[in-house]
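So the chains spell out like this:
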Amino acid sequence: MAIDFETLLEGAPAYGVVDARDGVLLYGRPGHEAAFEALAAEVFDASGDDFEVILLTDAAERCDRLFVAPTGEHKSFDAR
C-alpha cells in the first residue's frame, strides 16, 4: 500500500500530528507503541519522491517521533 502525505496529516489513534515549519511531526500515542513503530517503518520505507522522513528516538532508542517533510510544492507554511 502506498502512503499518501495528505493522509498522514489526518492522524490516527496510534499517532498525532504537529505542524512544523517545513513539514510535520508525527508522534506516537501512549498505549499504541507497536502500531506506531509499524507505521514508522512503513512511512520510512515509502519515503522518496513525495516526502522525506527523519526518525527520532527516545532514550531507549525506540522510534517515538517522525519528522516528515514533503518534497513537492506544498510546505506547511504555504497557504492551502
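Coordinates for the structure precede this section.
Residues numbered from 1 in each chain as written. Predicted model: local features only at pLDDT ≥ 70, side-chain atom pairs only at ≥ 80, totals over all residues. Heavy atoms only, no water.

Draft legend 1. Representation of the overall build of the protein. Looking only at helices and strands, one finds 2 helices and 4 strands in the protein. What you see in the protein, going N to C, is helices and strands ordered as α-β-β-α-β-β. Here the protein, with 80 residues, has 28% of them falling under the buried criterion. For the protein, contacts bridging at least 24 residues in sequence account for 41% of all contacts bridging at least 6. On the protein, roughly 5100 Å² of surface is accessible, and the fraction owed to carbon and sulfur atoms is 54%. (Helix = DSSP H or I, 4+ residues; strand = E, 2+ residues; numbered from the N terminus. Buried < 20%, exposed > 50% of the residue type's maximum accessible area, 1.4 Å probe, protein only. Contact = heavy atoms within 4.5 Å. Areas by Shrake-Rupley, 256 points an atom, 1.4 Å probe, with all protein chains shown as cover.)

Draft legend 2. Here's a closer look at the sheet that holds strand S4 (residues 63–70). If you walk across this open sheet you meet the 4 strands as S1-S2-S4-S3, and the pairing is antiparallel. Each of the sheet's edge strands pairs with one partner strand only, and the pair in question is strand S1 (15–20) and strand S3 (51–57). With strand direction ignored, the average angle separating the axes of adjacent strands in the sheet is 20°. Relative to S4, S3 is paired through 7 bridges, and the arrangement is antiparallel. Bridge pairing links Leu56 to Arg65 in S4. Each of S1, strand S2 (23–28), S3 and S4 is contacted by helix H2 (residues 33–46), which is oriented at about 30° to S4, the strand it contacts most. (Pairing = 2+ DSSP bridges. Axes fitted to C-alpha atoms, helices over the stretch in contact; angles between N-to-C directions.)

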